[in-house]
Every structure is written in structure tokens, then in C-alpha cells.
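Chain residues, written in single-letter form:
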Amino acid sequence: GTYTARRSGIGINMGRIRAVGSPIRKSEVISTGIIPFLKIMEASVKATSQNGLRGGGATISFPWWHYESEDILVLKNNRGTDDNRVRKLDYCFQIEQLFIDRVVSNQSITLFCPNEAKGLYEAFGTPQFKELYEKYEQDKSIKLKRVIKARELMGLAAKERLETGRIYIMFMDNVNTGPWLDKVNMTNLCVEILQPTSPLTSVGDNQNEIGVCILSALNILEVKDDEYEDVCRMIVYSLNELIDYQLYPFEGARKFCQNKRSLGVGVTNFAAYLASKKLNHESAESVKVMNDLMEKIQYYLLSASCEMAEKFGPAPDFDKVDYSTGKLPCDRIVHDDLKFPLTMDWEILRSRIKRFGLKNDTVTAQMPCESSSVVQSSTNAGEPVRSLLTKKIAKNGVKKVLIPRYPKNKNEYSLAFDIKSNDNMIKIAGAQQRWIDMGISFNTYLNYNHYPDGKIPISVVIKDILTAHKYGLRTMYYNNTPDDSNEGVITQETCEGGSCSI
């Protein structure tokens with residue numbers, strides 16, 4: 001309630017909670033599982049409004065191997081009753097390579113209670129997970145486990161993602177490839193923030209830390225080529241001032257921000273930027289455009305953070321990111337399709353960071369940029385546009401947003417629901433993810449009219465998920481489908497928690 005009242009969205013991890021039927025205190029009590037706790041969270045989040053305009057929002061992260069994952073996946077759908085549904089929260093389904101391999105090979109998987117499968121939650125997302133998971137599969141002493149087909153669970157996740165639009169995806173192995181050296185267990189409301197956290201034992205807990213979003217975005221249509229260095233420098237200096245200036249309701253949040261100084265800078269107006277170059281989201285050249293743009297932005301943001309470290313000292317927890325070991329984004333392993341020649345002198349920056357460190361453990365993430373698109377009349381983040389004139393609906397009225405430079409570039413845009421495959425957009429996002437420290441609020445778009453009998457195959461949704469993992473994405477946000485009665489209409493409450501108010 002405290003954070004909701006401050007217009008913050010909430011990220012919650014339920015992966016360590018014991019499953020329904022799990023014995024407590026030597027079977028003196030039997031666990032009722034995750035759903036009762038979700039109902040408490042739902043009531044708490046919705047109990048406080050944000051400036052009287054909207055209720056709060058929260059995203060629940062949970063691992064694919066949890067004993068209750070099948071039940072959690074269906075909590076948003078319209079079937080069932082209020083007793084077995086929790087519809088006012090969103091859900092992030094956490095998967096990784098072992099699960100994907102078994103989906104591809106059509107093998108079975110085993111679902112466990114984390115209280116019985118000790119250490120599985122802690123290993124999830126690390127190289128140690130596979131060996132421990134397979135050990136528990138063979139352990140006949142474990143009582144609370146269930147064997148199902150991997151494709152059955154993936155099909156359920158894809159079906160709910162298609163029908164509700166709001167089953168998000170988090171690729172735990174991709175997430176934990178860096179830059180954090182501590183394991184990342186969860187994400188935030190809009191799935192672009194990936195930070196190591198530890199649960200608070202109380203409001204006044206001063207030992208553990210919760211993640212906080214410190215966000216900004218470059219309107220790349222308005223930034224000239226020779227201005228990027230100065231703009232990035234200004235953003236880094238400004239956000240560092242914000243870290244020291246803002247109020248923190250919980251000591252765990254203040255401690256996280258002061259020690260890690262984690263920034264999440266992204267871009268916005270990319271569709272308009274492409275149109276100005278006579279390109280769109282279906283153009284193969286757009287992948288390299290995004291790559292080169294983000295390489296430059298990441299370089300200048302890191303350079304500015306290094307400059308601050310030289311003047312004022314590095315972040316107290318700088319040793320908790322792989323930048324402290326000399327590793328840089330240009331060193332990351334990427335798919336062959338995304339191996340573009342470097343355009344910046346990373347070795348000079350590497351030597352500076354080795355000497356002075358960084359003032360910020362991270363500098364980049366890609367948020368939805370929903371509210372700022374109305375203020376600036378810009379296109380959202382890296383997204384394609386749904387219509388040349390978009391109506392954005394919030395509880396305080398309807399805002400009409402016209403695409404930038406309409407007279408000159410109106411014929412250059414590709415509309416989201418006219419695009420027949422998400423493949424190129426996933427490649428664009430993969431090129432961006434190569435350079436970004438945290439995640440991307442990446443949306444997919446599917447149109448019923450592109451498929452026989454107006455039915456989108458579940459296999460298409462699964463293919464998009466597998467392709468996103470292959471190209472290194474760390475998270476996936478909405479799966480959008482058109483509503484013919486509301487063409488070009490976007491409800492601003494799609495980012496309903498307000499955590500991405502930029």
C-alpha cells in the first residue's frame with residue numbers, strides 16, 4: 001500500500017513459497033499453497049489508489065518447475081470462479097534452457113515443491129540448476145511432485161499469453177548472464193528491471209534490499225548524432241542526483257539505491273526514427289540500426305558513469321557487477337545474426353573502468369514509455385505503431401496522439417497488426433538486448449486475420465517465445481491482439497501500476 005500510494009508498480013516473487021499440500025511443522029499443519037497469498041496481494045495492491053486515478057498493479061514471478069505452476073498460469077482467465085482466480089495481478093512465467101530443451105524434444109518434466117526440493121530455487125537460473133533438478137527427478141523420497149509433458153505446460157502458458165495478453169516471460173538463464181554477479185530472481189511490474197533482491201523481514205529491515213527503478217529515455221528522433229555524448233552525460237548526472245534526493249519509504253529501498261545506484265536508461269520514438277530513415281520494423285536493416293544506436297548510447301552512458309566515479313568514487317557495490325572484472329557488453333555472446341562490427345573504442349573505455357570503476361552498477365533498461373509518448377507525441381519505446389492516430393485512454397480522459405512528422409513520413413510506418421511475423425521485431429529487440437544491462441518491456445503482436453479461420457495457432461506463440469530466447473532476450477511483456485471495435489485505441493492502464501510513468 002505504501003508504494004502503491006506513491007504511484008509505484010510492484011514486483012513480487014512467489015517461487016520460494018511451499019506448494020499446496022506441503023506439510024508444515026511435521027504435518028501439524030498443511031499448506032494451502034500460493035493462491036491464498038496471491039489473493040492477499042491482490043487486495044493489498046488494489047486497496048490504495050494512485051491519485052484517485054487508478055488502482056495499483058503488481059507482477060508475480062514464478063518458476064516453471066513449481067508444483068502449482070499450472071494453477072498459477074490460469075489465474076487471469078475468465079473461466080472459473082473468484083474462488084480459484086486472481087485476475088487483478090499479472091504473472092511472469094520463468095523458464096530457461098532445460099525446460100526449452102524438453103519442450104523441443106517433447107519430453108516430460110517434473111514439478112516440485114521448493115520446500116522439499118531444497119536449493120532448487122537458489123540454483124534456478126544458474127549452471128548448477130540442471131544437475132540439481134535431474135537429481136531430484138530421480139529422488140524417490142520426494143513426495144510432493146508431479147510429472148507432466150513439457151509441451152503441455154508450455155502450451156498452457158502460450159494459450160494464456162494469447163488469450164489474456166498478460167502472461168509475461170522471463171528467461172532466467174539469459175537474465176543471469178550479467179552484469180550482476182549476484183543472482184537475479186525476479187522482475188518488476190513491466191518486466192524490464194532485473195536486479196538482485198533479498199526479501200524484507202519487516203518494513204524497518206535494514207539488512208536486506210529491494211530493487212527500485214530509476215528510469216529515463218532518449219527521444220532519439222530529437223537527438224542529433226553529435227549530441228548523444230552530451231545527452232547521455234546529462235542523464236547520468238541528473239539521475240545520480242535523483243538517487244540522493246528522493247525519499248525512500250523503506251530502508252531496504254534506500255540501501256539498494258545508495259549502494260548499487262542502478263540506472264535504467266532506454267530509448268523512445270524508435271518507430272519514428274526508423275521512418276525518418278525510410279525504414280520500418282519489417283526492414284532487415286532496422287536490426288543493425290538498433291544495434292549501432294544502442295552500442296553508442298551504452299558506451300556514452302558508461303563513459304559518463306566512469307567519469308563520475310573518477311570524480312566522486314565508484315558505487316559502493318561496484319564489485320557486485322561484472323564491470324568490476326573488466327567485462328563489457330561488447331564481450332557478451334550473441335547469436336550470429338547479431339554479430340555486427342563494433343563502432344566504438346571499447347578498449348579505451350575498458351581501461352578507464354578498470355582504473356576508476358563506475359558510479360552506477362547498471363545504466364540501461366528499456367521501459368514501455370507509455371505516459372511520455374502522450375506528452376511528447378512520440379511512438380512508444382522501440383515498438384511499432386498500432387495506428388497513425390492513436391487514442392490513449394486513461395481514467396482522466398482520452399488523449400489523441402498523432403505519429404511524429406506525419407505529412408512527411410506517414411507512408412513509411414509499418415502498423416503493428418499488419419506485420420505478419422514477429423521474427424524481425426525479435427531480432428531488433430535482440431540487437432538492443434546485446435547492449436542493455438537489464439531487460440526490455442518487449443511486446444509481440446499477432447493478428448487473427450493473418451491465419452486460416454481467424455484462429456492463431458498456439459504454436460505461433462510458442463515459436464515467438466523460443467525465438468526470443470535464442471536471440472538473447474531476457475523478458476517478454478504483452479502479447480497484443482487487435483480488437484476491431486477499438487482500432488488504434490490503447491488503454492494507458494496497460495502500465496497500470498505507474499512504475500513506468502516516463
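For clarity, every value in this text was computed on a predicted model and none was experimentally measured.

Rules used throughout
Each chain carries its own residue numbering, running from 1 in the direction its sequence is written. The predicted origin of the model limits local features to residues at a pLDDT of at least 70 and limits the giving and counting of side-chain atom pairs to 80 or more, whereas totals for whole chains, interfaces and linings rest on all residues. With hydrogens and water set aside, each side-chain value is computed from the structure's full complement of heavy atoms. Cavity and pocket criteria rest on a 1 Å grid covering protein atoms alone: a 1.4 Å probe that fits but cannot get out defines a cavity, protein on both sides within 12 Å along at least 5 of 7 lines defines an open pocket, and an atom within 4 Å of a point defines a lining residue. Grid points are joined across faces, edges and corners, and a volume is the space filled by probe spheres set on the points. In DSSP terms, a helix is any run of H or I states spanning at least four residues, a strand is any run of E spanning at least two, and both are numbered starting from the N terminus. Each residue gets one of three labels, nonpolar for Ala, Val, Leu, Ile, Met, Phe, Trp, Tyr, Cys and Pro, charged for Asp, Glu, Lys and Arg, and polar for the others, Gly among them. Whether two residues touch is decided by their heavy atoms; if any such pair falls within 4.5 Å, the residues are in contact. Polar contacts, as counted here, are pairs of nitrogen or oxygen atoms within 3.5 Å of one another; within protein the pair requires one atom able to donate a hydrogen and one able to accept it, and residues that are adjacent in sequence qualify only if both atoms are side-chain atoms. Here's how the labels work: a residue is buried when its accessible area is under 20% of the maximum for its type, exposed when over 50%, partly exposed in between, all with a 1.4 Å probe on protein chains only. Put simply, buried Ala, Val, Leu, Ile, Met, Phe, Trp, Tyr and Cys residues joined by side-chain atoms within 4.5 Å make one nonpolar core. Between N-to-C directions, angles cover 0 to 180 degrees, with each direction set by a line fitted to C-alpha atoms, over the stretch in contact for helices. Angular relationships are summarised with four words: roughly parallel below 35 degrees, roughly antiparallel beyond 145, roughly perpendicular across 65 to 115, and oblique for the angles in between. Each Phe, Tyr or Trp ring (for Trp, its six-membered ring) is paired with any other whose centre lies within 6.5 Å, and the angle between the two planes then decides the class: stacked below 30 degrees, edge-to-face above 60, tilted in between. We count a charge as sitting over a ring when the NZ of a lysine or the CZ of an arginine lies within 6 Å of the ring centre and within 35 degrees of the ring normal. Think of the arc as the fan of directions from the helix axis to the C-beta atoms. Here, a salt bridge means any Lys or Arg side-chain nitrogen found within 4 Å of an Asp or Glu carboxyl oxygen.

> Where do I start with empty space enclosed by the protein in this structure?
Rolled over the atoms, a probe as big as a water molecule pinpoints where empty space is left. Scanning the entire structure with this criterion turns up three cavities of 30 Å³ or more. Looking at the largest cavity, its volume works out to about 110 Å³. Looking at which element gives the most residues to the lining of the largest cavity, the answer is helix α16 (residues 423-433), with four residues. Residue composition of the lining of the largest cavity, by class: eight nonpolar, six polar and one charged.

> How should the environment of Asn-443 be read in this particular structure?
With respect to the helices, strands and loops of the structure, Asn-443 is situated in the loop between α16 and β15 (444-445). Taking the C-alpha atoms as reference, Asn-443 lies 9.5 Å from Gly-382; in sequence the two are 61 residues apart. If near-sequence neighbours (up to four positions away) are discounted, Asn-443 is found in contact with Glu-383, Tyr-477, Tyr-478 and Asn-480. A polar contact is formed between the side chain of Asn-443 and the side chain of Glu-383, at a distance of 3.4 Å. Of the polar contacts made by the side chain of Asn-443, one reaches the backbone nitrogen of Tyr-478; its length is 2.9 Å.

> How should helix α10 (residues 251-260) be read in this particular structure?
For an α-helix the count is 3.6 residues per turn, leaving residues at separations of three or four pointing the same way. Within α10, seven of the ten residues are buried, which leaves the element mostly enclosed by the surrounding structure. All of the buried residues in α10 are Gly-252, Ala-253, Lys-255, Phe-256, Cys-257, Asn-259 and Lys-260. Phi turns positive, to about 50°, at Arg-261, one or two residues after α10.

> When you look at the nonpolar core in this model, what are you seeing that I'm missing?
Side chains of nonpolar character tend, in soluble globular proteins, to be buried together. In terms of nonpolar packing, the biggest core is built from 146 residues, with Trp-64, Tyr-91, Phe-93, Ile-95, Phe-99 and Ile-297 touching the most fellow members. Apart from the residues lying within four places of it in its own chain, the contact partners of Tyr-91 are Leu-38, Thr-59, Ile-60, Phe-62, Ile-72, Leu-75, Lys-76, Val-86, Arg-166, Ile-167 and Tyr-168. Formed by seven residues, the second largest nonpolar core is a distinct cluster that contains Leu-221, Ala-271, Ala-275 and Tyr-413.

> Sorry if this is basic, but what is going on with the packing of helix α4 (residues 97-104) against helix α7 (residues 150-164) here?
Helix-helix packing is characterised by the crossing angle of the two axes and by the distance between the axes. Two elements in contact, α4 and α7, have axes separated by 8 Å at closest approach and are oriented at 105°. As judged from the angle between their axes, α4 and α7 are roughly perpendicular. Contacts from Phe-99, Arg-102, Val-103 and Val-104 in α4 reach Ala-150, Arg-151, Leu-153 and Met-154 in α7. Residue composition of the contact of α4 with α7, by class: six nonpolar, no polar and two charged.

> Help me understand the packing of aromatic side chains in this model?
Aromatic ring pairs are described here by two measures, namely the spacing of the ring centres and the angle between the planes. A full pass over the atoms with the stated rule returns 19 aromatic pairs. Measuring from ring centre to ring centre gives 5.5 Å for Phe-112 and Tyr-133, while their planes differ by 85°; the resulting arrangement is edge-to-face. One end of the pair, Phe-112, is in strand β8 (residues 108-112); the other, Tyr-133, is in helix α6 (residues 129-138), with 21 residues separating them in the sequence. The exposure class of Tyr-133 is buried, given its relative accessible area of 0%. Among the aromatic residues, those joined into a cluster by ring pairs are Phe-62, Trp-64, Trp-65, Phe-93, Phe-99, Phe-112, Phe-124, Phe-129, Tyr-133 and Tyr-136. Sitting above the plane of the Tyr-67 ring, Arg-146 keeps its charged end 4.6 Å from the centroid. Across the ring face of Tyr-237, the terminal group of Arg-233 is positioned such that the distance to the ring centre comes to 4.7 Å.

> Before we go on, may I ask you to explain α6 in this structure?
Inspection of α6 places Phe-129, Leu-132, Tyr-133, Tyr-136 and Glu-137 among the buried residues, and these make up the whole buried set. Looking down the long axis of α6, one finds its buried residues gathered within 145° of arc, a one-sided arrangement. Turned more than 90 degrees away from the buried face of α6 sit Glu-131, Lys-135 and Gln-138, all of them exposed. In this structure, the buried residues of α6 make contact with α4, β8, α5 (120-123) and β9 (145-149).

> What is the right way to read the pattern of salt bridges from this model?
Here the idea is simple: oppositely charged side chains can pair when their charged atoms come close. A complete count under the given rule lists 24 salt bridges for this structure. With a closest N to O distance of 3.8 Å, Arg-79 and Glu-160 form a salt bridge. You can see Arg-79 sitting in the loop between α3 (69-73) and β7 (90-95) and its partner Glu-160 sitting in helix α7, a full 81 residues away along the chain. Of the charged contacts in the structure, one is a salt bridge between Lys-339 and Asp-336, with a shortest N-O distance of 3.0 Å. The class of Lys-339 is exposed, set by a relative accessible area of 53%. Asp-336 sits in the exposed class, given a relative accessible area of 57%. Taken together, the shared-partner salt bridges in this structure form one network comprising Arg-79, Lys-159, Glu-160 and Glu-163.

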